[in-house]
Amino acid sequence: MRVLHRKPSFPAAAAAGSGGRKPNRPDLHRFAALLFSAVLLATLLYSVDNIRFITIHSHPQIHPNQIELVEQNHTDMPDPEFEHGAKKRVLSVGIKDQKSCDLFDGEWLYDEDGGSYPLYREEQCVFLTEQVTCMRNGRKDDRYQRWRWQPRSCSLPRFDAKEFLERLRNKRMMFVGDSLNRNQWESMICLVQSVIPWDKKILVKNGSLNTFRAVEYNATLEFYWAPFLVESNSDNPNAHSIRDRIIKPTSISKHGENWKGVDFLIFNTYIWWMNGPRMKFTKRGFLSKRLVKYEEVERTVAYRRVLRTWARWVKDNIDPQKTMAFFMSMSPAHEFNSWGNPNAIRCAMETLPINHTGPINVGTDWRLLSIADELTSQLPVHFINITALSEFRKDAHTSVHTLRQGKVLSKEQQADPASYADCIHWCLPGVPDVWNEFLYAIIMTNNPTRDSI
C-alpha cells in the first residue's frame, strides 16, 4: 500500500547579496538549513492534509504477518494455508455493466471535497446513540467520515435509500450479535431514515430486540442482542458487564425463535471472545444462578463448537429461497499501537488510517476468521469479510468521544485515553457505513426469489 501525494512545489530561492557580492560561507549554511527545514515542514503538513488514497490488497484469509501494503502494480499474493483447512472464498458480486467483483480487494479513497461522503450527517440522524456520536461528544476533526471503499475491479453502487426500502417492502432485516452489529444496525437506520417522513418511522426498544419500522413500506430494521449467538449469562442487553462470562455452547433455540421468518439475517460474534485465551462452558444449570459448574475451553475450540451449533440452526431453519443470510467477519480493535506512532496512546487522537509498508498486527485473532469462513462456506450464508480493510482504520473509533456507564466522558476522562479510550466501537458516520454498502450491493444485485425482492 502506498500514499500518493501531489508533488509540492516551492519557489526557487535566489542567492541573496548586494552588488553581486557572493554570500559568505556561514550565510550559505544558514540558508541551506532554513530551506531544508521549510521543505521538511511543508512535506509533513502536506502529508497530513492531502492524503488521497490508501491501497489495500485484502484477501479473506491472510494472517496479519502476511498482510502488507502493496503498490498498485502488484501481483497477487499466495493464499496462506490454515490449520483448519479452510479454502479461500472470494465473494463476487455482479454489478450492472461490469464483470463480477471481489468487493473486499480494493482501496480507501479520501473524498477531499466532502461532496459524496459521508452518506449522511451525524446531526441529521436522531436515531444515533450517544455512544457513537463522536462530533457531538467533542471530536474536532471529521476526516474519518470522508473515506470510502473502492473495490479494485468494480465500483460499489451508490446507496439509494428509496430503492433499498422498496426492496425491503413487507420484509424484515435483523442484525444478530454483539454491540458491533448494533453499531452496524444504527448505521443502516441512518442510511435509510432520511427519506422517510417523520410521522412514518418508529423505533421501539424491547429487551433484546430493538425495532426500527418504516411504516409506509411495512419494513423493519431490527437488532437482536446475542453476543455469543448461543445462550450465555451475558444475554441481558442492559446488564451484561459480567466478569465471568459463561456460555451454553449447544443452547440456541431460545434465541433462534426470534430469528425465524426474517427475510435478511446478519450475524456476528467476535469481540466478546477476546477477553482471554480460554472460554467458560456449562452444560447444566441456570446461568442466572451464582454457582455454576463449568469447564474452560481454549478459545478457538470454543468458537468452533459454538459456530457448529449456529450452523446446525441455519441448516434446519433457513430456506435460501426465502431468507438471505450473512455472517460479518471480525471487526478489529486497535487497542495497542502497532503502526509506528511513538506518541500514540491506543487509538486516541488518531486522525488518519494506518499508512506504512510493513505488516499490520492490531491483535485480531485470525484463527477465528478462518473458522467462520470455513463453516459458512458449507451454508447458504454470505461471508462478509470486513476484517483486513477495517484494520487500517485506526482513525475511526469512538476513542474518548463516547460513553462510559451511560455518561459522556468528562474532560478529565478524555484526557486519560490509556484508561478510557474505546478502540472497539466506531464513530458514525464511519466504517460501518461501508459494511452496509457491501450488504446493499449484494442484496440489490441478487436475483429476486419472491415478490418485491
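As the structure is a prediction and not an experimental result, all values here were calculated from the model.

(A) Representation of the overall build of the protein within the structure. Each helix and strand in the protein was counted, giving ten helices and 20 strands. Taking as baseline every contact in the protein between residues at least 6 positions apart, the subset at least 24 positions apart corresponds to 77%. For the protein, the exposed surface amounts to about 21,700 Å²; the carbon and sulfur share of it is 49%.

(B) Inspection of helix H2 (residues 161-168) at higher detail. Along H2, the residues classified as buried are Ala161, Phe164, Leu165, Arg167 and Leu168. Looking straight down H2, one finds that the buried residues subtend no more than 155° of arc, so they occupy a single side. At its buried positions, H2 is contacted by strand E6 (172-177), helix H3 (179-193), strand E8 (209-214), strand E9 (219-225), strand E12 (264-267) and helix H10 (431-445). Between a side-chain oxygen at the N-terminus of H2 and the backbone nitrogen of Lys162 the separation is 3.1 Å; the capping residue is Asp160. At the exit of H2 stands Asn170, carrying a positive phi of roughly 65°.

(C) Geometry of the sheet that holds E8. Read from one edge to the other, the open sheet built from seven strands follows the order E7-E8-E9-E6-E12-E15-E16, with strand pairing classed as mixed. In the strand order of this sheet, the two ends are held by strand E7 (201-206) and strand E16 (381-384), each with one partner. Neighbour-to-neighbour, the strand axes of this sheet turn through a mean angle of 15°, independent of strand direction. In the packing of H10 onto the sheet, the strands contacted are E6, E12, strand E15 (324-328) and E16, and the crossing angle to E15 comes to about 155°.

(D) View of the environment of Arg243. Turning to its location among the elements, Arg243 is positioned in the loop between strand E10 (231-232) and strand E11 (246-248). Relative accessible area serves as the criterion here: at 82%, Arg243 is assigned to the exposed category. Each C-alpha atom, one on Arg243 and one on Asn275, is 9.4 Å from the other, the two residues being 32 residues apart in sequence.

(E) Local environment of the packing of H2 against H10. Taken N-terminus to C-terminus, the directions of H2 and H10 make an angle of 60°; their axes are 11 Å apart at the nearest point. With respect to H10, the element H2 is oriented oblique. The two elements H2 and H10 meet at a crossing, and its hand is left-handed. For the pair formed by H2 and H10, the contact residues are Glu163, Phe164 and Arg167 on the first element and Tyr440, Ile443 and Met444 on the second. Its residues assigned to classes, the contact of H2 with H10 shows four nonpolar, no polar and two charged.

(F) Geometry of the sheet that holds E11. Reading across the sheet, the four strands line up as E10-E11-E13-E14 and stay open at both edges, with mixed pairing between neighbours. With one partner strand each, in any of the chains shown, E10 and strand E14 (295-298) form the two edges of the open sheet. Bridge analysis of E11 against strand E13 (residues 278-281) gives two bridges, and the strand direction is parallel. Of the residues in E13, the one forming a bridge with Ile246 is Lys280. Sitting on the sheet, helix H5 (residues 299-317) touches E11, E13 and E14, and the angle it makes with E14 is about 100°.

(G) Quick look at the state of the cysteines. Counted according to the given criterion, the structure contains four disulfides. Disulfide partner of Cys101: Cys154, at an S-S distance of 2.2 Å. Judged by the sign of its S-S torsion, about -65°, the cystine formed by Cys101 and Cys154 is left-handed. Separated by 53 residues along the polypeptide, Cys101 in strand E3 (residues 100-102) and Cys154 in the loop between strand E5 (147-151) and H2 bring together distant segments of the chain.

(H) The arrangement of a nonpolar patch on the surface in detail. A grouping of Ile202, Val204 and Val215 is seen on the molecular surface, where their side chains present a nonpolar patch of about 220 Å² in accessible area. Turning to its location among the elements, Ile202 is positioned in strand E7. The class for Ile202 is partly exposed, based on a relative accessible area of 41%.

(I) Fine view of the environment of Ser399. Residue placement: Ser399 occurs in strand E17 (residues 397-399). Taking the relative accessible area as the measure of exposure, Ser399 reaches 4% and is therefore buried. Along the primary structure Ser399 and Cys347 are separated by 52 residues, whereas in three dimensions their C-alpha atoms are 6.3 Å apart. Beyond its immediate stretch of four places on either side in the chain, Ser399 contacts Cys347, Ala348, Met349, Tyr420, Ala421 and Asp422.

(J) Highlighting the packing of H2 against H3. Contact geometry for H2 and H3: axes closest at 8 Å, N-to-C directions at 110°. Between H2 and H3, the angle falls in the class roughly perpendicular. Two secondary-structure elements touch here, H2 through Ala161, Phe164 and Leu165 and H3 through Met188, Leu191 and Val192. For the contact of H2 with H3, the class distribution of residues is six nonpolar, no polar and no charged.

(K) Representation of the nonpolar core in the model. Counting residues in each nonpolar core, the largest one holds 108 residues, and the members touching the most others are Met173, Trp259, Trp310, Phe327 and Phe438. If sequence neighbours within four positions are ignored, Phe327 has contacts with Leu229, Phe267, Thr269, Tyr303, Leu307, Trp310, Ala372, Thr376, Val381, His382, Phe383 and Ile384.

(L) Expanded view of the confidence of the model for the protein. In this model, the protein carries an average pLDDT of 81, and 74% of its residues clear a pLDDT of 70 or more. This model gives residues 1-26 a pLDDT under 50, and the stretch forms 39 contacts once residues within four places in sequence are excluded. Segment residues 36-53: pLDDT under 50, and 34 contacts once partners within four positions in sequence are set aside and those in other chains are kept.

Reading the values: rules and limits
Residues numbered from 1 in each chain as written. Predicted model: local features only at pLDDT ≥ 70, side-chain atom pairs only at ≥ 80, totals over all residues. Heavy atoms only, no water. Helix = DSSP H or I, 4+ residues; strand = E, 2+ residues; numbered from the N terminus. Contact = heavy atoms within 4.5 Å. Areas by Shrake-Rupley, 256 points an atom, 1.4 Å probe, with all protein chains shown as cover. Buried < 20%, exposed > 50% of the residue type's maximum accessible area, 1.4 Å probe, protein only. Arc of directions from axis to C-beta. Polar contact = N/O pair within 3.5 Å; in protein donor to acceptor, adjacent residues only side chain to side chain. Pairing = 2+ DSSP bridges. Axes fitted to C-alpha atoms, helices over the stretch in contact; angles between N-to-C directions. Parallel < 35°, antiparallel > 145°, perpendicular 65-115°, else oblique. Left-handed = near helix turned anticlockwise from the far one by under 90°. Nonpolar A, V, L, I, M, F, W, Y, C, P; charged D, E, K, R; others polar. Disulfide = S-S within 2.5 Å. Patch = residues over 30% accessible without salt bridge, like charges linked within 9 Å, V, L, I, M, F, W, Y side chains within 5 Å. Salt bridge = Lys/Arg side-chain N within 4 Å of Asp/Glu carboxyl O. Core = buried A, V, L, I, M, F, W, Y, C linked by side-chain atoms within 4.5 Å. pLDDT = per-residue confidence, 0-100.

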